[in-house]
Structure formats: C-alpha cells, structure tokens
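Architecture and fold: a report
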Amino acid sequence: MSDSFVKQVSQGMPYTIPPMPPDLPGVNHAPARPDVLTTEEKKLALKNALRYFPREWHSELAPEFAAELENDGRIYMRRFRPSYEMKARPISEYPARTPKAAAIMLMIQNNLDVTVAQHPQELITYGGNGTVFQNWAQYLITMKYLSEMTEYQTLVLYSGHPLGLFPSHPEAPRLVLTNGMVIPNYSSRNDYDRMAALGVTLYGQMTAGSFMYIGPQGIVHGTTITLLNAGRKYLGLPPEADLSGRLFVTSGLGGMSGAQAKASVIAGAVCVIAEINPKAIGTRYEQGWLQEIENDLDRVLIRIEQARRAGEALSLGYTGNIVDLWEKLADEGIHVDLGSDQTSLHNPYLGGYYPAGLSLAESNRMMVEDPEEFRKAVQESLRRQVRAINILSTAGMFFWDYGNAFLLEASRAGAQGILRTDGTFAYPSYVEDIMGPICFDYGFGPFRWVCTSGDHEDLKKTDRIAANVLENMAKEADPQIKRQMLDNIRWIKKAEENRMVVGSQARILYADRQGRINIARAFNDAVADGGISAPIVLGRDHHDVSGTDSPYRETANIRDGSMFTADMAVQNVIGDSFRGATWVSLHNGGGVGWGEVINGGFGLLLDGSPEAAKRASSMLSWDVSNGLARRSWARNPGAIYAVKKAMEAEPDMKITIPEIADDSIIDSSFQD
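Here is a short report on the structure shown in this document. In this text the structure is predicted, and so the values were computed from the model without any measurement. (Residues numbered from 1 in each chain as written. Predicted model: local features only at pLDDT ≥ 70, side-chain atom pairs only at ≥ 80, totals over all residues. Heavy atoms only, no water.)

1. Let's talk about the overall build of the chain
Helix and strand counts for the chain stand at 22 helices and 17 strands. What you see for the chain is a C-alpha radius of gyration of 24 Å, in line with the 26 Å of a compact globule of 672 residues. Structurally, the chain occupies a C-alpha span of about 70 × 60 × 60 Å along its principal axes. The burial tally for the chain puts 62% of its 672 residues in the buried class. Surface accessibility of the chain: about 25,400 Å² in total, with carbon and sulfur atoms responsible for 52%. Distance from the positive charge centre (65 side chains) to the negative charge centre (80 side chains) of the chain: 3 Å. (Helix = DSSP H or I, 4+ residues; strand = E, 2+ residues; numbered from the N terminus. Rg over C-alpha atoms; globule rule 2.2 N^0.38 Å. Buried < 20%, exposed > 50% of the residue type's maximum accessible area, 1.4 Å probe, protein only. Areas by Shrake-Rupley, 256 points an atom, 1.4 Å probe, with all protein chains shown as cover. Lys, Arg positive; Asp, Glu negative; His and termini not counted. Charge placed at Lys NZ, Arg CZ, Asp CG, Glu CD.)

2. Quick look at the sheet that holds strand E9 (residues 314-319)
A sheet is described by the order of its strands in space; here six strands give the open sequence E8-E9-E7-E6-E10-E11, paired in parallel fashion. What marks the edges here is a single partner per strand, and that holds for strand E8 (292-294) and strand E11 (398-399). By the bridge criterion, five bridges tie strand E6 (residues 247-251) to strand E7 (residues 270-275) in an arrangement that is parallel. Within E7, the residue paired with Leu247 across the bridge is Val270. This element, helix H10 (residues 297-310), spans E6, E7, E8 and E9 of the sheet and lies at about 175 degrees to E9. (Pairing = 2+ DSSP bridges. Contact = heavy atoms within 4.5 Å. Axes fitted to C-alpha atoms, helices over the stretch in contact; angles between N-to-C directions.)

3. Focus: the side chain of Arg507
The topology assignment puts Arg507 in strand E13 (residues 506-511). Only 3.3 Å separates the side chain of Arg507 from the side chain of Gln217, close enough to count as a polar contact. A polar contact of 2.9 Å, which involves the side chain of Arg507, links it to the side chain of Asp463. Excluding its chain neighbours within four sequence positions, the residues that come into contact with Arg507 are Ile214, Gln217, Phe447, Arg448, Trp449, Leu459, Asp463, Ile492, Ala495, Glu496, Met500 and Val501. (Polar contact = N/O pair within 3.5 Å; in protein donor to acceptor, adjacent residues only side chain to side chain.)

4. Quick word on a nonpolar patch on the surface
On the surface, a cluster of nonpolar side chains totalling about 290 Å² of accessible area is made up of Tyr158, Leu163 and Phe166. Position of Phe166 among the secondary structure elements: in strand E4 (residues 161-167). (Patch = residues over 30% accessible without salt bridge, like charges linked within 9 Å, V, L, I, M, F, W, Y side chains within 5 Å. Salt bridge = Lys/Arg side-chain N within 4 Å of Asp/Glu carboxyl O.)

5. Describing the pairing of E7
Most of E7 is tucked away: six of the six residues are buried. As judged from the six bridges shared by E7 and E9, these two strands associate in the parallel manner. Looking at E9, one finds that Glu275 is bridged to Thr319.

6. Remarks on helix H2 (residues 39-50)
Taking 1.5 Å as the rise per residue, H2 with twelve residues should run 16 Å; its terminal C-alpha atoms sit 17 Å apart, in good agreement. In the core, the buried residues of H2 are packed alongside helix H3 (58-72) and helix H6 (189-198). (Expected span 1.5 Å × (residues − 1).)

7. Focus: the packing of aromatic side chains
Overall, the coordinates contain 24 aromatic pairs when judged by the stated rule. A ring pair is formed by Trp57 and Phe80, whose centres lie 6.3 Å apart and whose planes are at 15 degrees; its orientation type is stacked. In this pair, Trp57 is assigned in the loop between H2 and H3 and Phe80 in the loop between H3 and helix H4 (99-112), connecting sequence segments 23 residues apart. Among the aromatic side chains, those forming a connected cluster through ring pairs are Phe53, Trp57, Phe65 and Phe80. Directly above the aromatic system of Phe5 lies the positively charged group of Arg89, at a separation of 3.9 Å from the ring centroid. Over the face of the ring belonging to Tyr349 we find Arg375, whose NZ or CZ atom lies 4.1 Å from the ring centre. (Phe/Tyr/Trp six-rings, centres within 6.5 Å; stacked < 30°, edge-to-face > 60°. Lys NZ or Arg CZ within 6 Å of the ring centre and 35° of its normal.)

8. Observations regarding the pattern of salt bridges
In this structure the tally under the stated criterion is 43 salt bridges. Between Arg78 and Glu122 there is a salt bridge, with the nearest N and O atoms lying 2.7 Å from each other. In this pair, Arg78 is assigned in the loop between H3 and H4 and Glu122 in the loop between H4 and strand E1 (124-126), connecting sequence segments 44 residues apart. What makes Glu122 buried here is its relative accessible area of 1%. One salt-bridge network, held together by shared partners, links Arg189, Glu409, Arg412 and Glu596.

9. Topic: the packing of H10 against helix H11 (residues 322-332)
Close contact between H10 and H11 brings their axes to 11 Å; oriented N to C, the two are set at 65 degrees. The interaxial crossing formed by H10 with H11 has right-handed handedness. Between H10 and H11, the contacting residues are Leu297, Asp298, Val300, Leu301 and Ile304 on the first element and Asp324, Leu325, Lys328, Leu329 and Glu332 on the second. Along the lines of polarity and charge, the residues of the contact of H10 with H11 split into six nonpolar, no polar and four charged. (Left-handed = near helix turned anticlockwise from the far one by under 90°. Nonpolar A, V, L, I, M, F, W, Y, C, P; charged D, E, K, R; others polar.)

Okay, structure coming up:
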C-alpha cells in the first residue's frame, strides 16, 4: 500500500493550492461545450465552484476557473486532479473503516482509469458526457468521506456533489446517489446545458455516474447476444449457428460502441465500423478488439468480399464518417445483412455525432462557435444517412436502432422514410424486437461482478463457479429459457480466451432472476471458505429488466400505454435500498438522452457472511421481479411465464396477473 496514496485520499482537499498536474499523454479530451450562460450566470457558476475552497484561495482560483468556463464551457478544476495513478486497486489498499466504503472507492477509481474512461481528465467515462463527478473537488471530498465512513453512516451525493455523511445503520446503503434529477418541466436539453455549466447537475449516463462501469466488456456481451439473436430472428439462422459470412455495418468505437468490434468477431460476423476519431479507433486496435484499420472505401469493399467469401470473422475499422460508408455501400449495391448505429445521438450537438462533410476538428470548432450551423449540419447528415439505409434495407438489410436515439434524432431532423404513416418508427429498437421479448421479459439481463482482490485468478474462479451454476440450471430449464442459458454458458466459458478485462477484474453475463441469486450465493460461499481471496462486488447495467424506464429502448416492447411512465425504475431503487444494497443510484438520462429516460442501479458487496447471502437473495429477487411484474402486467407472454415461475419459487410473492381481453369484444364495443 502506498503511503502517499493513503495520505492523499485520507486528506481529501490539499492543504495548499497544488501545482497544475501535467496533461496525461495520449488521452482523449472532451470537446468544449457551448457558451450558454449569461454574464450574470457565469458569475453564479464561479461562485458555485469556489464554495469548495477556503476564502483565502479565491482570488487566485477565480480567474483560473473563469478561464476554464470560457474555454471548456465547464469548470473541471483541473488543478486538483490528484497526482496518484487512477486505477482500481486491491480492496486492501484503500484507507477505509468498512470494506463497503473501500469497495465503492475501488469502483469510482475504475470509472476514471485512463484505460477505461473516454475523457478521464474531464471525469467522463463514456458516451461523450457520461460523468462521474462534475469536478475534481467533488472527487477528492467524496473519497475522504468514504475513508472516514463507518457502518453507522450513509454518504449522500447530489449529481456528484458530496452533500455529506449522515447517521444511519448497518443494514442501510452506505451510499445513496442521484444524478440529473430535475423537476420534469425543466428537463430539456437546453436546461441540462445551462445547469451543467452552472455546476448544479450532471449527466451520469447509466454506469458512469453510479460507479458500476466495467469497460466495454459490459456491452460486448449484450452486443454479442443481440447479434446472435438478430441472426436467428431476421436471417432465419438455426440456434447453434453463428454469423459466418454475414456482413454487419455500424458506427462508433468509443467508450460503449467500442464493444461492437469484439462482439462481432465473437459472433462470427464480418463487421465494418466507421469511426471519425483516429484516437478512438487506434485505442481499440491497440487493445486487440479491432483487427484491421482502413481509410479508403474502395479497399474496405474489397476486404469485405474477401472475408465474406472465406467465412472469416473480421472487425474492420473505417477511419471516416459513417454517412460516407453507408452511401458507398448503397451506391455500389453491396448486400448488407445487418445494420445499426452507435453514435452518441443522445448528445447530437455536443460531440455525440459528427456530420458528414466536416472533419473532427472542424466539427469541434463549429459546435462551439456556430452551434446553429452545426445543428443544421448534423440534421442534414442524418437525412443523408437514413436515405442510404433505406436503400440498403429495401435491398434486404435488416436495420435496428441500438438505443442511442438514432431513430428519434433522425425523425427530428425530418429524415424521409424514418416514420410510418401512423407516426411509429419504420425500424425497430433492438430492445423492442430482440432484447425485450427474448431476454428482459424472461428476466435475463446484464448481471456483473468485480473481484476486489484485483487478482485475475479470482476472476477465473468466478467464471468456473458461474458456468457450473448455469450448467446445473440448464439441465432442468424450460424450453423458453434454455437457449439463453446455453448462450451464456458458452459466453462465460470463452470469456478468458476472449481477453475481456479492461480495468478492474470484472465479468458480465446475462442471467435470470434465479440464476443471479444462485450465482451470488455460490460466490459468497467461495469468499467465506477462502476459495476467493477477497469480497466480490455485484451489480448490473441499468439497461436491464427493471432498472430503466425508457420508451425508445428498455421499455420499448411495453405496449399498454405505460412506456412513458417511470414508476418501475424509481420503485426499483427504493426496493433495492432496504433489501440490502451497499449503494443505490437514480438517474435522469442515460443512453437515449436527458429527459428521455429514468434509470437506476445498485452495488452489493459479498463478504462471505451469512448476512451478505441473505441480502443478496432478497435484493436480487426484487431487482428482477419488479420488472417482470411490470412487463407481465403489460401482457407480455414471456413475462407472464416468468412471474409465475418466480411465485412458485417464493410463496410470499403475490403478483397481479392480467386477464387477456378478446380483441373481438374490444372492437365490438366501439362499433357505430
């Protein structure tokens, strides 16, 4: 354990104004944000920032922070970025009075690791604006509070701001955090821009602001499952087949979208991914997740045909604009089997989408200096992109929205053919067509864990434990869920050879309600008997059965009119908090954008104790069953099956099951 690290964490804010830390080599920086504040509002933002510092420092810090606000559109307090390496350390190296606090510190640092985070110096983990803290002062104070926390205190964070430690009790969460929660009438994109610049809110995405990001591995698995099931659903492939010889075209190699290259190869596809940022494409190539890079479209087409004829699994990154790639494929009449998009269109005008015809640098400059012209360029680019996609879809391509607000923003741009005559989207969301009915309705979702020892051998042991649990369950599984279990057994057995770890020693798989409970119990037993050398953190993506209310993504296949309500996500966090979660979070925004979604998550520490086993069983059951009940009430057949199985397993669970009305009775009731 480094004495310097322990001292700095325990100290929190430095005793004197520190020197400006050197810029980290090779890291991506967040683009400057537009100047949206009036002069009086800028003064307010500066006053807000200076609240964290002694008054005698104000005269020195004020002009520096004012310059940050002018140049970046935010006050990051760069001078206070700590000098120690930002990474997930073994849990024993954190200065903490309770292992639960140490586990939270580990997870925070992993979210800001330079090998994990998209813009680490601006405290952004993924998605262009998925923020961990608004500024470095918030990070320092939070880490200090965690180092002091006991089992009789709970830390409260408001959009990254450490409100303080409050008296609590051992069964309560050690941390409760909210991100971006605003009065609904003030949840527009313009409201966010203003409040974020003032330093009073942040966009936590999903696992960025809840300290549960595990690198692109988290979405690699979900993307692999999506691709395999897309092949089965759209291309008629048998359950055991992969995507050999099939072409998948998409965009994005950043924080989340970077998973597409790895997932496509695991699924056996020929995948071409456009990415305009050379640093992002280079990072994925250096990681080994992207196999080849090309910047000439004619050579891209030649390589596609070579790989397709050979049945070669290939991830090919095109350094350029996705619109140029789509138009080239359409103009040349290339058959594309599957298509999607993972540009960050939840944030289309602040670096989430780069329009055709402009370079990366030109776009970054225009979005700040002439935001209205940049908006027009983005919308024209979206119209061109949809035009090419429509041509390829007419020729046989199956395209879906990957939950990044592509369809929503394309419709707002006036793209022809994106809407049907009844006002619904012409293309499905991947949740609406694939993940919802195949996974979420049956309780399968992105369950994940982190070995806090930092020992890769512990991670390999957890892989074997999880595989054994699922194999035993698969022997007795009903046909409705057996295929998903077999897919996940295959995934976990190949996880080691697929070299998925970036940052913390973490793993993900899609498990249902009973699977999550059984795996958690087995992990806790292994910690108790010393088979696993340190506690394990359990969590999940918010993109799950119960964690997110999002009408264009997670709840897109709920069709009883309630897709725009958010009771499920809010109830989920409340229920997790008193059933044993170590920390809970609730967010506005995530995936499809600010004001478009409410989502939440949790973290739970398994320390090998009987109490941890009890907490895990109770909390995980609720965390899945809540969403199953809601989806069942929406009359989704898979969820009705799943809640009945849940009630059989837990006699104290009583869920209201819908009666299904006959359409002929409904129709006749409104005849003239």
